[in-house]
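Chain by chain, the residues run as shown.
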Amino acid sequence: MDDDLKNGLWDILKIFLDGLRSPTIYGDHDEFSPFCSSIWHNYFKLPIDTIPRARYDCEEYIRRYFYKAEWYEVYDLLEFIASMDPNLLPEDTTILTKYYNQILEREFSGYRLIEGKIVPITNQIEIEEIEDAINKSGGFTSLKGANIHLNSALEKLSDRKAPDYRNSIKESISAIESVAKAISKKESDVFQAALERIKGKIGLHPALENGFKQLYNYTSSSDGIRHALMDDHNCDFEDAKYMLVSCSAFINYLAVKANKAGLIIK
């Protein structure tokens, strides 16, 4: 990680730290202490009784760690902060994400912060499809399963130490199946049966229907035979990224079509 990128990311982090209030008089709301307790215990994995008493010393410890950290450790720290309990943050995490991504884009980084994960995806349209699918699925009880699958796919793709592309692909396709079953309101349906049940109601074009049935078959092992793509040595980032973006786009498509058809998703 070059100095310009690291300096830019630290500036955003410093602005965030400055926004955490400390009590100056009795009864003032304290944001900085809970933040320190969380980062010491959950990120640094240090005893909380080692937290410096002075705020300046706490910030200096974080700064020294930041500038000594390897590139992936810097991203780990950004992920941790972006995924913290909203009650510990002085501003909406979407704003924090926006600031981080502005620096990542400005310094031509190959990563972006998406839903609390630093991911090697930089295309804005692809980012928006993934975020939109996660947000849509997170807003309905019946799509909770799809939301879990999408977040798991993103997490496995973004793991910088041991990315699991094979299972990221499986999670992405499982998310589509979960959405299709939620729309068909038939939990026992497999993916193909769910599409059959809803295609007429939402006006799904036959070519698109067949395309996603083939995509599902491409990754399915229901008959005991797995396509060569799913062999560990054949799965790579491009495969997992394509599947996550494509499945996210299809989930967004299904949700919009179902809404227009009056099919209520709760």
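Residues numbered from 1 in each chain as written. Predicted model: local features only at pLDDT ≥ 70, side-chain atom pairs only at ≥ 80, totals over all residues. Heavy atoms only, no water.

S.K.: Please provide a residue-by-residue account of the overall build of the chain, values included.
M.R.: If you tally the helices and strands in the chain, you get 11 helices and 2 strands. Along the chain, from the amino end to the carboxyl end, the secondary structure elements read α-α-α-α-α-β-β-α-α-α-α-α-α. Per-residue burial over the chain gives 43% buried out of 266 residues. A fraction of 60% describes how many contacts in the chain between residues 6 or more apart in sequence connect residues 24 or more apart. In the structure as shown, the chain presents an accessible area of about 14000 Å², 50% of it carried by carbon and sulfur atoms. (Helix = DSSP H or I, 4+ residues; strand = E, 2+ residues; numbered from the N terminus. Buried < 20%, exposed > 50% of the residue type's maximum accessible area, 1.4 Å probe, protein only. Contact = heavy atoms within 4.5 Å. Areas by Shrake-Rupley, 256 points an atom, 1.4 Å probe, with all protein chains shown as cover.)

S.K.: Describe the packing of aromatic side chains, naming the residues involved and giving the relevant values.
M.R.: Per the stated rule, a full pass over the model turns up 20 aromatic pairs. Each ring, one from Phe44 and one from Tyr65, has its centre 5.1 Å from the other, and the planes form 70 degrees; the classification is edge-to-face. Pair noted here: Phe44 is in the loop between helix H2 (32-43) and helix H3 (55-68) and Tyr65 is in helix H3, with a separation of 21 residues, a long-range link. The exposure class assigned to Phe44 is buried, which follows from its relative accessible area of 12%. When the ring of Trp71 is compared with that of Tyr72, the centres are 5.8 Å apart and the planes differ by 90 degrees; the resulting orientation is edge-to-face. A cation sits over an aromatic face here: Arg55 above Phe32, 4.1 Å from the ring centre. (Phe/Tyr/Trp six-rings, centres within 6.5 Å; stacked < 30°, edge-to-face > 60°. Lys NZ or Arg CZ within 6 Å of the ring centre and 35° of its normal.)

S.K.: So what about the layout of surface pockets? Which residues, and what values?
M.R.: In this structure, the largest pocket encloses a volume near 460 Å³. As for the largest pocket, its lining consists of 21 residues, of which Thr94, Thr97, Asn101, Glu115 and Glu131 are closest to the centre. Broken down by secondary-structure element, the contributors of at least two residues to the lining of the largest pocket are helix H5 (93-106), helix H6 (124-138) and helix H7 (144-158). Here the lining of the largest pocket takes 7 residues from H5, the largest share from any one element. When its residues are assigned to classes, the lining of the largest pocket shows 3 nonpolar, 11 polar and 7 charged. Of the pockets and cavities examined, the second largest pocket occupies roughly 230 Å³. (1 Å grid on protein atoms, 1.4 Å probe; cavity = no way out; pocket = protein on both sides within 12 Å on 5 of 7 lines; lining within 4 Å. Points joined across faces, edges and corners; volume = space filled by probe spheres on them. Nonpolar A, V, L, I, M, F, W, Y, C, P; charged D, E, K, R; others polar.)

S.K.: Outline the packing of helix H1 (residues 3-18) against helix H4 (residues 71-82), listing residues and values.
M.R.: Closest axis-to-axis distance for the H1/H4 pair is 12 Å, and the angle between their directions is 25 degrees. Between H1 and H4, the angle falls in the class roughly parallel. Here the hand of the crossing between H1 and H4 comes out left-handed. Along the contact surface, H1 presents Leu5, Lys6, Leu9, Leu13 and Phe16, while H4 presents Val74, Tyr75, Leu77, Leu78 and Ile81. (Axes fitted to C-alpha atoms, helices over the stretch in contact; angles between N-to-C directions. Parallel < 35°, antiparallel > 145°, perpendicular 65-115°, else oblique. Left-handed = near helix turned anticlockwise from the far one by under 90°.)

S.K.: Any details on the packing of H2 against H3? Residues and values, ideally.
M.R.: Contact geometry of H2 with H3 gives a least axis separation of 12 Å together with a crossing angle of 40 degrees. Relative to H3, the element H2 is oriented oblique. By crossing handedness, the relation of H2 to H3 is classed as left-handed. Judged by residue contacts, Phe32, Phe35, Cys36, Trp40 and Tyr43 of H2 engage Arg55, Cys58, Glu59, Tyr61, Ile62 and Tyr65 from H3. The residue makeup of the contact of H2 with H3, split by class, is 9 nonpolar, no polar and 2 charged.

S.K.: Summarise the confidence of the model for the chain; cite the residues concerned and give the values.
M.R.: As a note on interpretation, predicted positions should not be read in detail where pLDDT is low. In this model, the chain carries a mean pLDDT of 86, and residues with pLDDT of at least 70 account for 89%. Per-residue pLDDT, averaged within each element of the chain, yields its smallest value for helix H10 (residues 206-219) (82) and its largest for H3 (95). Contacts from residues 222-227, a stretch scored under 50 in pLDDT, to residues over four places away or in other chains number 6 contacts. (pLDDT = per-residue confidence, 0-100.)

S.K.: How would you summarise the pattern of salt bridges if you had to cite specific residues and measurements?
M.R.: This model, assessed by the stated rule, comprises 15 salt bridges. One salt bridge connects Arg21 with Glu31, and the closest N-O pair in it is separated by 3.6 Å. Here Arg21 is found in the loop between H1 and H2, whereas its partner Glu31 is found in the loop between H1 and H2, with 10 residues between them in sequence. Given a relative accessible area of 47%, Arg21 falls into the partly exposed group. In this structure, Arg197 engages Asp189 in a salt bridge whose closest nitrogen and oxygen atoms are separated by 2.7 Å. Residue class for Arg197 comes out partly exposed when judged on its relative accessible area of 37%. Given the relative accessible area of 8%, Asp189 is considered buried. Salt bridges sharing common partners tie together Lys14, Asp18, Arg55 and Glu59. (Salt bridge = Lys/Arg side-chain N within 4 Å of Asp/Glu carboxyl O.)

S.K.: With reference to specific residues and values, describe the nonpolar core.
M.R.: Grouped together as the largest cluster of nonpolar side chains are 42 residues, with contacts concentrated most on Ile121, Phe191 and Phe250. Elements with a contribution of two residues or more to this core: H6, H7, helix H8 (165-184), helix H9 (191-202), H10 and helix H11 (237-260). When residues in this core are grouped by element, the largest group, 10 residues, is from H11. If we skip the residues at most four places from it in the chain, Ile121 touches Gly110, Tyr111, Arg112, Ile114, Glu126, Ile127, Ile130, Leu157, Phe237 and Lys241. (Core = buried A, V, L, I, M, F, W, Y, C linked by side-chain atoms within 4.5 Å.)

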